[in-house]
Amino acid sequence: MWHKLSALFLLLLVSACGSDSTSIDTPPSSEQPKDSPQVIIPVVFHILYREGFPETNPSDSKIQSQITVLNEMFRGKNSDITDVPEIFVPLIADMQIEFTLAKVDPDGNASTGITRTNSMPVPGETVAYEYVYYTNSGGKDAWPSDQYLNVWVNDMRDFFGGPLPFAGRAAFPGEEPSRDGILLATTALGTEPPLDDRLLLGRTLAHEIGHWFGLYHLGGIEGGCEDDDGISDTPLSAHSYEMVFNPEHPSSSCGSVDMFMNVMALTHDSFLLMFSEGQKEAVWTVLAENGERHSLLQGYQQQSRNLGN
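Residues numbered from 1 in each chain as written. Predicted model: local features only at pLDDT ≥ 70, side-chain atom pairs only at ≥ 80, totals over all residues. Heavy atoms only, no water.

Trainee: Please give an account of the pattern of salt bridges that cites residues and values.
Mentor: Summed over the entire model, instances satisfying the criterion amount to 8 salt bridges. Across the pair Asp-60 and Arg-116 runs a salt bridge, and its minimum N-O distance is 2.7 Å. Taken together, the residues span a long stretch of sequence, with Asp-60 in helix H2 (residues 60–74) and Arg-116 in strand E3 (residues 114–118) at a distance of 56 residues. Given a relative accessible area of 35%, Arg-116 falls into the partly exposed group. Arg-293 is the partner of Asp-180 in a salt bridge, and the nearest nitrogen-oxygen pair spans 2.9 Å. Here Arg-293 lies in the loop between helix H4 (277–287) and helix H5 (294–306) and Asp-180 lies in the loop between strand E5 (168–170) and strand E6 (181–185), a separation of 113 residues in the sequence. Of the two residues, Asp-180 and Arg-293, neither departs from the other in class, the shared state being buried. Each of Arg-75, Asp-94 and Glu-98 takes part in one network of salt bridges that share partners. (Salt bridge = Lys/Arg side-chain N within 4 Å of Asp/Glu carboxyl O. Helix = DSSP H or I, 4+ residues; strand = E, 2+ residues; numbered from the N terminus. Buried < 20%, exposed > 50% of the residue type's maximum accessible area, 1.4 Å probe, protein only.)

Trainee: Any details on the state of the cysteines? Residues and values, ideally.
Mentor: Going through the model one piece at a time under the given rule, you end up with 1 disulfide. Residue Cys-225 pairs covalently with Cys-254 via a disulfide, S to S 2.1 Å. Residues Cys-225 and Cys-254 are joined by a disulfide whose S-S torsion is about -95°; by sign, that bridge is left-handed. Taken together, the residues Cys-225 in the loop between helix H3 (204–212) and H4 and Cys-254 in the loop between H3 and H4 connect sequence positions 29 residues apart. (Disulfide = S-S within 2.5 Å.)

Trainee: Could you give me a rundown of the nonpolar core, with the residues and numbers involved?
Mentor: Most often, soluble globular proteins have nonpolar side chains that are buried together. Counting residues in hydrophobic clusters, the biggest one holds 63 residues, and the most contacted among them are Phe-45, Phe-74, Ile-97, Phe-99, Ile-209 and Phe-213. At the level of secondary structure, the elements contributing two or more residues to this core comprise strand E1 (39–49), H2, strand E2 (97–101), strand E4 (149–154), E6, H3, H4 and H5. (Core = buried A, V, L, I, M, F, W, Y, C linked by side-chain atoms within 4.5 Å.)

Trainee: Summarise H2; cite the residues concerned and give the values.
Mentor: Between the first and last C-alpha of H2 there are 21 Å, a value that for 15 residues agrees with the 21 Å anticipated at 1.5 Å per step. Of all the positions in H2, only Lys-62, Ile-63, Ser-65, Gln-66, Ile-67, Val-69, Leu-70, Asn-71, Met-73 and Phe-74 are classed as buried. Where the residues of H2 are buried, they touch E1, E2, E3, E6 and H3. Positive backbone phi, approximately 65°, marks Gly-76, located one or two places after H2. (Expected span 1.5 Å × (residues − 1). Contact = heavy atoms within 4.5 Å.)

Trainee: Give me the side chain of Asn-262: which residues, what numbers.
Mentor: When you line up the elements, Asn-262 lands in the loop between H3 and H4. Using a relative accessible area of 0% as the deciding quantity, one classes Asn-262 as buried. In this structure the side chain of Asn-262 is engaged in a polar contact, spanning 2.8 Å, whose partner is the backbone nitrogen of Met-264. (Polar contact = N/O pair within 3.5 Å; in protein donor to acceptor, adjacent residues only side chain to side chain.)

Trainee: Explain the packing of aromatic side chains to me, and be specific about the residues and the numbers.
Mentor: Taken as a whole and assessed by the stated rule, the structure comprises 11 aromatic pairs. Seen from their ring centres, Tyr-133 and Trp-152 are 4.7 Å apart, and the 85° between their planes marks the pair as edge-to-face. One end of the pair, Tyr-133, is in the loop between E3 and E4; the other, Trp-152, is in strand E4, with 19 residues separating them in the sequence. Every member of this aromatic cluster is reached through a ring pair, and the members are Phe-74, Phe-99, Trp-212, Phe-213 and Phe-275. Above the plane of the ring of Phe-53 lies Arg-50, whose end atom (NZ or CZ) is 4.6 Å from the centre. (Phe/Tyr/Trp six-rings, centres within 6.5 Å; stacked < 30°, edge-to-face > 60°. Lys NZ or Arg CZ within 6 Å of the ring centre and 35° of its normal.)

In structure tokens:
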């Protein structure tokens, strides 16, 4: 998530409670109860590790810490949400989406929501990482993307410990099902070490899930004041803040105050604080009837009915 040009390039390579009576075809409104999610999405983490390099094989607790972060960020319950500037506080959204490790695999067997594959990448093939999506190439085949969020976790540093080419990338809605999910660097996973110094809070995955739901960076695809993310309440921004270690509010790049503390900005983890109400509306359009991710909402609602909730 470090810069827009690489994100666009990588996008081309890859291609973001049950008791409630809400219709499965209607996005939740701000008047509906905030104390329970409207959908809980099962996640499977495909861990692609290298034998003899234990740091590439994260623990279950590190993975669980990532789930905790996701639920905090998508419900607006992160402890530093109070750092959002006053001007943007009215726009903070509870996305009413939560995540859980998948409890059942595609064959109906009990699951931890974690697969582990000893996978040695081919030296030099460190750009596309296409192999991670396919078992016969040394990776792991996706679980059905209409039922699960697939997250492939891979140590993407080169054999000399070089810097990450990117921390994460996501398939946007409607892309190839076999690669429909998110590729995440091991050092961007969760809140337990090892972690990249800029990615200590596990918020890279929240950002990438935003893309998986169809959200763009605040500066759109190309960047600049003429390019927009399509969300009405996120101000135009020509500055990515990607290389700014400590951005300060108020900062402006298009004649209005920049929302660089939005999860879909490109700042370091400690500055990614909030989703906006406009982003919530856009995400729930993708989850609603005729949306590309509607099957996940349908599955959750059906399961809730079957359990009598």
